[in-house]
Amino acid sequence: MADPTGPSVTFEGVTKRYGDLAAVDDVTLKIAAGGFVALVGQSGSGKSTLLKTVNRLTPPSEGRVLLDGEAVAAREPHRLRRSIGYVFQNVGLFPHLTVRENILINHRIAGDRAAAGAADELLDMVELPREFADRRPSELSGGQAQRVGVARALAGKPGLMLMDEPFGALDPVTRDSLGQAYRALHDRLRLTTVMVTHDMAEALLLADRVLVMAAGRIVADAPPQSILNDDLGPEAEALVAVPRAQAERLVAMETRS
Ligand code: ADP
Ligand code: MG
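Residues numbered from 1 in each chain as written. Chains lettered and ligands numbered in written order. Predicted model: local features only at pLDDT ≥ 70, side-chain atom pairs only at ≥ 80, totals over all residues. Heavy atoms only, no water.

## Quick word on the overall build of the protein chain
Test applied: The helix count covers DSSP runs of H or I at least four residues long, the strand count covers runs of E at least two residues long, and both are numbered beginning at the N terminus. Each radius of gyration reported is based on C-alpha atoms, and the globular scaling rule is 2.2 Å times the count of residues to the power 0.38. Each residue's exposure class comes from its accessible area (1.4 Å probe, protein chains only) as a fraction of the maximum for that residue type: buried when under 20%, exposed when over 50%, partly exposed otherwise. Every residue pair with non-hydrogen atoms within 4.5 Å of one another is taken to be in contact. Using a 1.4 Å probe, accessible areas were evaluated by the Shrake-Rupley method; residue-level cover was limited to the displayed protein chains. Positive charges come from Lys and Arg, negative ones from Asp and Glu, while His and the chain ends are left out of the count. A single reference atom marks each charge: NZ on Lys, CZ on Arg, CG on Asp, CD on Glu.
Counting its secondary structure elements, the protein chain contains nine helices and 10 strands. Over its C-alpha trace the protein chain gives a radius of gyration of 19 Å, about what one expects of a compact globule, namely 18 Å for 257 residues. Judged by the C-alpha coordinates and their principal axes, the protein chain covers about 55 × 55 × 40 Å. A buried classification covers 46% of the 257 residues belonging to the protein chain. For the protein chain, the proportion of contacts with a sequence separation of at least 24, taken over those separated by at least 6, is 68%. A total of about 13,000 Å² of accessible surface is found on the protein chain, and carbon and sulfur atoms cover 51% of it. Computed over 29 positive and 33 negative side-chain charges, the separation of the two mean positions in the protein chain equals 6 Å.

## Some words on the nonpolar core
Generally speaking, a soluble globular protein has its nonpolar side chains buried in company with each other. To be explicit about the condition: Only buried residues count toward a nonpolar core. Its members are Ala, Val, Leu, Ile, Met, Phe, Trp, Tyr and Cys residues joined through side-chain atoms within 4.5 Å.
Membership of the largest hydrophobic core comes to 46 residues, with the highest contact counts inside it found for Ile103, Val150, Met161, Tyr182 and Met200. Broken down by element, the residue count for this core peaks at six residues, all from helix 5 (residues 142-154). Apart from the residues within four sequence positions on either side, methionine 200 is in contact with Val40, Val210, Val212, Ile227, Ala236, Leu239, Val240 and Pro243. Listed in part, the 23 residues of the second largest apolar core include Val24, Leu29, Leu39 and Val72.

As structure tokens, then:
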């Protein structure tokens, strides 16, 4: 039987206040099961805060989040977090542990033989050689370390992946290839993915749906084609303008002779 598709994610009037600041301000939306959504916006717009309301790292001041219709607030936090993959910018691998130990850190059962095989499979999935299992994080490149971070997030067989600028610290070539490799993995494993990025080009090229956030609110919500072609307001326009202008300048340079 095929693995089930990842859960739908519903935000109902989600607000998170820090003193007078509404870091997230009354967000209501539903992400379909199996969707790949990019959350884009300037620094400080509330992207990370919104993401963390899903795995209960940040409880909302108001409103609620549901996975497949079930409120996350009703779930035991540690079990909930084990069922959700979470990848962030500087993966936070433990330097004194091997790659294998890092991958299995949340799921290791003492003396579990299956665990070693699971680590091998996870390394295959993120396209790292199995020999890397015995390395330490200091022996990895930035891109390799992020792949280990993705493998660790997948170790609990999550349906939902929350990714917070997962490839933000990488060089452009590594970033592009990892993004595409992850998208293929998302499709193959039928995950639901919410990926935070400040890079509109990355969002447009990877996601099915782009959410633009500004001052805690969702100010645009559309498929990539529409983000590019329709007037969705100044915030979306400002974010699209940068890669568009760069692409136009490059094309102009190429055709000049
Ligand atoms: P983004 O991820 O889009 O850069 P964040 O969600 O990290 O934005 O932050 C949104 C706003 O909330 C920012 O103004 C930030 O300073 C504030 N903020 C985030 N976390 C905290 C916190 N723990 N305490 C106080 N303010 C916070
Ligand atoms: Mg952030």
